[in-house]
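# Understanding the architecture of this molecule
Read off the chains here:
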Amino acid sequence: MTGTRVLVLNSGSSSLKYQLLDMRDSSRLAAGLVERIGEQTSRLKHTPLAAGGDAREADGPIADHDAALKAVAQELARDGLGLDSPDLAAIGHRVVHGGMFFTEPTVIDDAVIAEIERLIPVAPLHNPANLTGIRTARALRPDLPQVAVFDTAFHTTMPESAARYAIDPRIADRHRIRRYGFHGTSHAYVSRATAELLGKAPEDVNVIVLHLGNGASASAVRGGRCVDTSMGLTPLEGLVMGTRSGDMDPAVIFHLARVGGMSMDEIDTLLNKRSGLFGLCGDNDMREIRRRIDEGDEAAALAFDIYVHRLKKYIGAYYAVLGTVDAVAFTAGVGENAAPVREAAVAGLEGLGLAVDPGRNAVRGDRPRIVSPDAARVAVAVVPTDEELEIATQTYALVGKNT
Ligand code: AMP
């Protein structure tokens, strides 16, 4: 392997996010996003980080992912970072669902593509989009190693007691129903960075990771290995999210169908896209919810309380799963930025050794930091996640090993 650059692609159904990193120092050379692919109003936003220039935006129809990646390649070439460069070592792809099969990052070949395809029934929204990105990138640089990094991989270490639902295993196995968990790249990165923050090896610490973004999930990580996580067969289970309900009595679905007369697709949309914070108060952005609370808005206050109550239940549950806890780490958009969420989530948990120091908690920053008092038994940490860096690191390590 001669190159030191890795292109990370995160391909959604109508979007393509990318970052180009130099793995000698993990620096970011360029980053960007193509939105609304397939529409008349597509937009490409490209930030030439190495060149230090302003972000460039281009509007106009981009028909498909192939055209989107070609447009990205052109922008990179303008900065002297073309995808035909020998400096490019590999392309790393975020793939949402790797099922039980993919426990590690994997060099992509036809068989790997076929397996990701086979998982489409359990990830109907995400895997087809991820595959489109993979096919497009392979067509552009067929000679280059391409690596799939799976959102589910970190969670494949869960014991059966945590991963299985209490249903007939023959039915579960036939339909591949189990807890897979998601955001694994983030949980892996943050649990490791938290150990580092504590000055310990990942093997020596137990961490509860709270990834609170628009999607949200918790995980219990014992000695660097995931032992439980809150998302399940799909990302719908667990915490209250921006637009997803999280945990609910499954009978709500029968009730909505039988009594409410809703179709399965309508219920799916309701629970995934129109529930959570948005469903409760009409806003899914925590900044807006806090602003409304400050103005005395009751619906926003109740949405916040429901969100925090669920979070607290998961902290308690994973405390019990782990037995001893060294740190609770908050990450992603809400976890990194919303001090009131962190404060409320651990309020009253002094008996478990959990507390935040109000002064430390209020300080903003983009470095990992501890926000609990020095005397606290359990560290409460804010650890910014970096999924692109984790994907690039795993991709580069794998390609380096294979060459
Ligand atoms: P993510 O999915 O990690 O990008 O997180 C996006 C979410 O983070 C947004 O929907 C907001 O709710 C939340 N967020 C971002 N910035 C802030 C902030 N400064 N304060 C509170 N919440 C924020």
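Residues numbered from 1 in each chain as written. Predicted model: local features only at pLDDT ≥ 70, side-chain atom pairs only at ≥ 80, totals over all residues. Heavy atoms only, no water.

## Some remarks on the site of the ligand
Looking at the ligand, the residues that line it are Gly213, Asn214, Asn284, Asp285, Met286, Arg287, Ala332, Gly333, Val334, Asn337, Ala338 and Arg364. A distance of 3.4 Å separates an oxygen atom of the ligand from a polar atom in the backbone of valine 334. For the ligand, the accessible surface in isolation is 500 Å², of which the surrounding protein chains cover 70%. Broken down by secondary-structure element, the contributors of at least two residues to the shell around the ligand are helix H10 (286-294) and helix H12 (332-337). Counted by class, the shell around the ligand contains four nonpolar, five polar and three charged residues. (Near = heavy atom within 4 Å. Polar contact = N/O pair within 3.5 Å; in protein donor to acceptor, adjacent residues only side chain to side chain. Areas by Shrake-Rupley, 256 points an atom, 1.4 Å probe, with all protein chains shown as cover. Helix = DSSP H or I, 4+ residues; strand = E, 2+ residues; numbered from the N terminus. Nonpolar A, V, L, I, M, F, W, Y, C, P; charged D, E, K, R; others polar.)

## A few points about the sheet that holds strand S11 (residues 225-229)
Spatial strand order, S11-S10-S9-S12-S14-S13: six strands in an open sheet with mixed pairing. The open sheet terminates on both sides in strands that have one partner only, identified here as S11 and strand S13 (369-370). As judged from the four bridges shared by strand S12 (residues 327-331) and strand S14 (residues 379-382), these two strands associate in the parallel manner. In the strand pairing of S14, valine 328 is matched with valine 380. Contacting strand S9 (206-212), strand S10 (216-222), S12, S13 and S14, helix H6 (residues 184-197) runs over the sheet at an angle of about 130° to S9. Packing of helix H11 (residues 298-322) onto the sheet brings it into contact with S9, S10 and S11, and relative to S9 it is tilted by some 160°. (Pairing = 2+ DSSP bridges. Contact = heavy atoms within 4.5 Å. Axes fitted to C-alpha atoms, helices over the stretch in contact; angles between N-to-C directions.)

## Some remarks on the pairing of strand S4 (residues 43-47)
Because side chains alternate across S4, one face comprises the buried residues Leu44 and His46, and the other comprises Arg43, Lys45 and Thr47, none of which is buried. Bridge count for strand S3 (residues 27-35) against S4 is five bridges, and the pairing is antiparallel. Looking at the pairing, valine 34 lines up with leucine 44 of S4. Of the pairings in the sheet, the one linking S4 to strand S5 (residues 56-59) comprises four bridges and is antiparallel in character. Within the sheet, the bridge partner assigned to leucine 44 lies in S5 and is alanine 58. (Buried < 20%, exposed > 50% of the residue type's maximum accessible area, 1.4 Å probe, protein only.)

Read these as layout, nothing more, since geometry by itself doesn't imply function.
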